[in-house]
Amino acid sequence: MNKNSIASVTSANKAAWEASAHLHKSGDGWAKLIEAAGRPGFSVLDGTVTEILQRLNVEGRRAVQVGCNNARELISLASLGGVPALGIDQSGGFLAQGRELAQAAGLDIKLLEANIYDLPEGLGRFDLVFITIGVLSWMPDLPEFFRIIAGLMEENAVLVIYETHPFLEVFNPHGVNPHEPGFSYFAREPQVVTQAITYDGKDHGSVEPSYWFIHPLGEIVTACIQAGLKLVELKEYPHSNREPEYDIYADRSAQVPMSYSLVASK
């Protein structure tokens, strides 16, 4: 994908996220999150990714989270002894929330508003790059994305990805037949999303159009390796780590993969 096309997609996605940011501070969920962030050992990480990070011994590792949203997961790394050094996101609205959370947690974290495809120079390199749910599918160019990720890594650094399994993307939980594929796993054109972007499964109306990509697992792994990273492990899971409406695909006799983790090293 050429630079103009990448810029067009990322600009549209930024506008949609900015228009949705305020919804993540509505209700009592935000107040509870702020309160929880001020307690010792604060973490919103589930057991799966916590076990991975503990096994990799992230204690003392300087971490950058790409697509950090409001930095709640980046802040959570401190509970495992990691050093949450930098969060990168292109939504200033979410980063403002991240600063509130970091202040509540008593942490001094640099939060950078930037397009991952156009990062400023001089950011340095890190011992841990952390990527979680809902980042890769917003990326229009995987090979370039992983090339940039590799450039953020020190020698012997690790990359940890904990994401939705791309196969889950073929289903539409709101469709008439939610258990039949609604999208092709091999579709290359982006899905146009006009709904506000939230995690509670509720309809909050429409915002600016954004673009969501189905990247097959093979393309994700290939882009990672071609960026010069060494694949350490790839695991697939039968549980969801995304919005609650996808829970209908869990705990079935014919179970589909719902999430995965990928660990790579430099």
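See above for the structure.
Residues numbered from 1 in each chain as written. Predicted model: local features only at pLDDT ≥ 70, side-chain atom pairs only at ≥ 80, totals over all residues. Heavy atoms only, no water.

### Some thoughts on the pattern of salt bridges
Move 1: Counting across every chain of the model gives 11 salt bridges.
Move 2: The shortest N-O distance in the salt bridge between Arg-55 and Glu-51 comes to 2.8 Å. Of the two residues, Arg-55 and Glu-51 are both situated in helix H3 (residues 47–55); the distance of 4 residues between them amounts to about one turn of the helix.
Move 3: Owing to a relative accessible area of 39%, Arg-55 belongs among the partly exposed residues under this scheme.
Move 4: For Arg-242, the salt bridge is made with Glu-169, and the minimal N-O distance between the two is 3.0 Å. A residue pair is termed long-range when its members are at least 10 positions apart, and Arg-242 in the loop between strand S8 (230–237) and strand S9 (259–265) and Glu-169 in the loop between strand S5 (153–164) and strand S6 (191–195) qualify at 73 residues.
Move 5: Through salt bridges with shared partners, one network takes in Lys-14, Glu-18 and Glu-113. (Salt bridge = Lys/Arg side-chain N within 4 Å of Asp/Glu carboxyl O. Helix = DSSP H or I, 4+ residues; strand = E, 2+ residues; numbered from the N terminus. Buried < 20%, exposed > 50% of the residue type's maximum accessible area, 1.4 Å probe, protein only.)

### Focus: helix H6 (residues 142–151)
Move 1: Burial in H6 covers these residues: Leu-142, Phe-145, Phe-146, Ile-148, Ile-149 and Ala-150.
Move 2: Among the residues of H6, the N-terminal cap falls to Asp-141, whose side-chain oxygen and the backbone nitrogen of Glu-144 are separated by 3.1 Å. (Polar contact = N/O pair within 3.5 Å; in protein donor to acceptor, adjacent residues only side chain to side chain.)

### So, the sheet that holds S8
Move 1: Spatially, 7 strands are ordered S3-S2-S1-S4-S5-S9-S8 in an open sheet, and the strand pairing comes out mixed. The sheet terminates laterally at strand S3 (110–113) and S8, the two strands that pair on one side only. Direction aside, neighbouring strands of the sheet carry axes that sit 15 degrees apart on average.
Move 2: Relative to S9, S8 runs antiparallel, the two being bridged by 7 bridges. (Pairing = 2+ DSSP bridges. Axes fitted to C-alpha atoms, helices over the stretch in contact; angles between N-to-C directions.)

### What about the nonpolar core?
Move 1: Grouped together as the largest cluster of nonpolar side chains are 47 residues, with contacts concentrated most on Val-129, Ile-131, Phe-145, Phe-146 and Leu-159.
Move 2: Going through the elements one at a time, strand S1 (62–66), strand S2 (83–89), strand S4 (126–132), H6, S5, helix H7 (217–226) and S9 are the ones with two or more residues in this core.
Move 3: The element best represented in this core is H6, accounting for 6 residues.
Move 4: Ignoring any residue separated from it by four or fewer positions in sequence, one finds Phe-146 in contact with Leu-159, Ile-161, Ile-220, Ala-223, Cys-224 and Ala-227.
Move 5: Counting 30 residues, the second largest nonpolar core, distinct from the first, contains Ala-63, Leu-74, Leu-95 and Val-263. (Core = buried A, V, L, I, M, F, W, Y, C linked by side-chain atoms within 4.5 Å. Contact = heavy atoms within 4.5 Å.)

### Observations concerning the packing of aromatic side chains
Move 1: Applying the stated rule across the entire model yields 10 aromatic pairs.
Move 2: A network of ring pairs unites the aromatic residues Phe-167, Phe-171, Tyr-185, Phe-186, Tyr-246 and Tyr-249 as a single cluster.
Move 3: Arg-242 extends its terminal NZ or CZ atom over the ring of Tyr-246, reaching a point 4.0 Å from the ring centre. (Phe/Tyr/Trp six-rings, centres within 6.5 Å; stacked < 30°, edge-to-face > 60°. Lys NZ or Arg CZ within 6 Å of the ring centre and 35° of its normal.)

The values are spatial; any link to function lies outside them.
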